[in-house]
Amino acid sequence: MTRTTGVQPIPPHQQTFWQRAELACVACAVFLSAGNFLRMNLFYFTLSDLLFCISLFLRAFSGGLPLRLWGRASSVVWFCGLMLLCSGLMVSSLLSAAPLRGIVTVGQYMFAYFAIALALCGRDLRVMVLLARAYVLSIFLMCLHGVYLIDFDGQRNTAFVSGNGRFTGFVERENECAALIALAMPILLLLASTGRVGKVYAIVVAATMAYGILLTGSNTGLASFAFAILGFTVLSGNWKRVVVGIVCLAPFALWIVHSGRDYLPVVFQKRVLGALETGDLSRAGSFDHRLELIHEALGRLEDNMWIGLGADQYQVTSAIHQPVHNLYLLLFTEGGIIAAIGFVVMIAATFQPIARAFRAPGGSAYAACAFVSVSMFALMANAFPHLYGRFWTVPVILTLGLAQSYCIAIRNDNLGRGSLPILRALRTGRAPRSRLSPIR
């Protein structure tokens, strides 16, 4: 493994066959990361995971793996947090009735938060932008697929549509599908704001993703989608976009309130719109049931302060026989306070590369993308159980890798000396008129 914080850009004609093969593998892995249905029946291992494993092997063989994922200090803190999380779960599981579940769950967390980070990070900005485009394209195609299945084919109770007509997508879960769409939105906004995706294409993709959120009927997904748009536009520093967006969306919102309700998906009207209009959270899907699980978990914290119940043992011992849909409480009860602290430490470790990108010239869009993505992920953890599915970690780690690669590109090109054409190229994705000077 190399100790570099990033790699120098390698022109395509200078890349070896193995480097090109590795890039193809990781791009396909990112594209298929949302395809949770492409998995083994024996244990949780998807086609995307297989491609990530091949990519890791080829990358180690052809050039080495980066140890400093997004900076020395933040990478160490991230790994220490992951070790705390896994240690708490493993010790508690070994003392429980199902120690094997601890080994499996810890392995899943290690692969999701360490192996995926090794596979994605430490690349030059051009490659990271390619991976970001691949991810947004996969989510766009998933939403397009959902529109066809529900609005044109009328499917229900199938692999991608639930029995009550909710869109489950390639993840085969309604709320998780909505969360993935929301996590893809800051990446799309970054690509559009830096000129890597045309504005017309970005509008089409964003509109399709917004309709996909409606088809899922997820309150959490809708709130996260709105948070992604508002958070990115505010933090990226372009208030003109905020004003233009409000002006453009206001007529559409008024039309929905007065006469456009019947044109919205039926599942959205039943599960989301009623709660929005009345302000009654009890009408917001399964809110009452989740609140009951949270109250039960809060009552069990004191008994599982240091040694938890063990991985996947909460639903076994619960009176409701379901895991609490709150990752912080679930880790606390299953792995003790050490596991819960570990997850919080991992989240905190991501803010150093985000702050570094905010300070970099022209890096506000990259920092805003990473900050919104990490913040959404931390907030979503309050509404979901274990988050070791790779469809969760890929978009978050991808945005952190984008921010880090941008900072490395600026440092390597020595932009502090007034290389404005280079800075403009990094921000917009267009080649500068003058040739880039080599690093001395």
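Provided above is the structure to which this section pertains.
Below is a short write-up of the structure. These numbers were taken from a predicted model, which means no experiment stands behind them.

**Some remarks on the overall build of the chain**
Helix and strand content of the chain: 17 helices and zero strands. Pairs at least 24 apart in sequence give 74% of the contacts found in the chain among residues at least 6 apart. On the chain, roughly 20100 Å² of surface is accessible, and the fraction owed to carbon and sulfur atoms is 66%.

**A word on empty space enclosed by the protein**
Rolled over the atoms, a probe sized like a water molecule indicates the empty space that remains. As enumerated under the stated definition, the model contains one cavity of 30 Å³ or more in all. Of the voids in this model, the largest cavity is the one considered here, and its volume is about 90 Å³. Elements represented by at least two residues in the lining of the largest cavity include exactly α13 (327-349), α15 (364-380) and α16 (390-412). For the lining of the largest cavity, the leading source of residues is α16, giving four residues. The residue makeup of the lining of the largest cavity, split by class, is 10 nonpolar, two polar and no charged.

**Some points on the nonpolar core**
Grouped together as the largest cluster of nonpolar side chains are 114 residues, with contacts concentrated most on Phe52, Tyr113, Ile139 and Met209. Those residues within four positions of tyrosine 113 in sequence are excluded, and the remaining contacts are Trp78, Leu82, Phe343, Met346, Phe377, Leu387, Tyr388 and Thr393. Among the nonpolar cores identified, the runner-up in size contains 10 residues, and Leu301, Val324, Leu329 and Ala340 belong to it.

**Structural notes on the pattern of salt bridges**
Evaluation of the coordinates by the stated rule reveals five salt bridges. Notably, a salt bridge pairs arginine 39 with glutamate 172, separated by 2.7 Å at the nearest N-O pair. Residue arginine 39 is located in the loop between α1 (17-31) and α2 (47-62), and its partner glutamate 172 is located in the loop between α5 (125-152) and α6 (174-193); the two are separated by 133 residues in the primary sequence. A relative accessible area of 37% means that arginine 39 is categorised as partly exposed.

**Regarding unusual backbone geometry**
Residue asparagine 157 is not a glycine yet carries a positive backbone phi of 55°. Structurally, asparagine 157 can be placed in the loop between α5 and α6.

**Details of the side chain of asparagine 36**
Note that asparagine 36 resides in the loop between α1 and α2. Once residues lying within four places of it in the same chain are set aside, the contact partners of asparagine 36 are Tyr44, Thr46, Phe170, Val171, Arg173 and Phe391.

**What to know about the packing of helix α7 (residues 199-216) against helix α8 (residues 219-235)**
Where α7 meets α8, the axes come as close as 9 Å, and the angle between the chain directions of the two elements is 150°. As the angle between them shows, α7 and α8 are arranged roughly antiparallel. Residues Ala206, Met209, Ala210 and Ile213 of α7 touch α8, and the partners they reach there are Gly221, Leu222 and Phe225. Its residues assigned to classes, the contact of α7 with α8 comprises six nonpolar, one polar and no charged.

Rules behind the numbers
- Residues numbered from 1 in each chain as written.
- Predicted model: local features only at pLDDT ≥ 70, side-chain atom pairs only at ≥ 80, totals over all residues.
- Heavy atoms only, no water.
- Helix = DSSP H or I, 4+ residues; strand = E, 2+ residues; numbered from the N terminus.
- Contact = heavy atoms within 4.5 Å.
- Areas by Shrake-Rupley, 256 points an atom, 1.4 Å probe, with all protein chains shown as cover.
- 1 Å grid on protein atoms, 1.4 Å probe; cavity = no way out; pocket = protein on both sides within 12 Å on 5 of 7 lines; lining within 4 Å.
- Points joined across faces, edges and corners; volume = space filled by probe spheres on them.
- Nonpolar A, V, L, I, M, F, W, Y, C, P; charged D, E, K, R; others polar.
- Core = buried A, V, L, I, M, F, W, Y, C linked by side-chain atoms within 4.5 Å.
- Buried < 20%, exposed > 50% of the residue type's maximum accessible area, 1.4 Å probe, protein only.
- Salt bridge = Lys/Arg side-chain N within 4 Å of Asp/Glu carboxyl O.
- Axes fitted to C-alpha atoms, helices over the stretch in contact; angles between N-to-C directions.
- Parallel < 35°, antiparallel > 145°, perpendicular 65-115°, else oblique.

Note that all results are geometric; they support no functional claim without further evidence.
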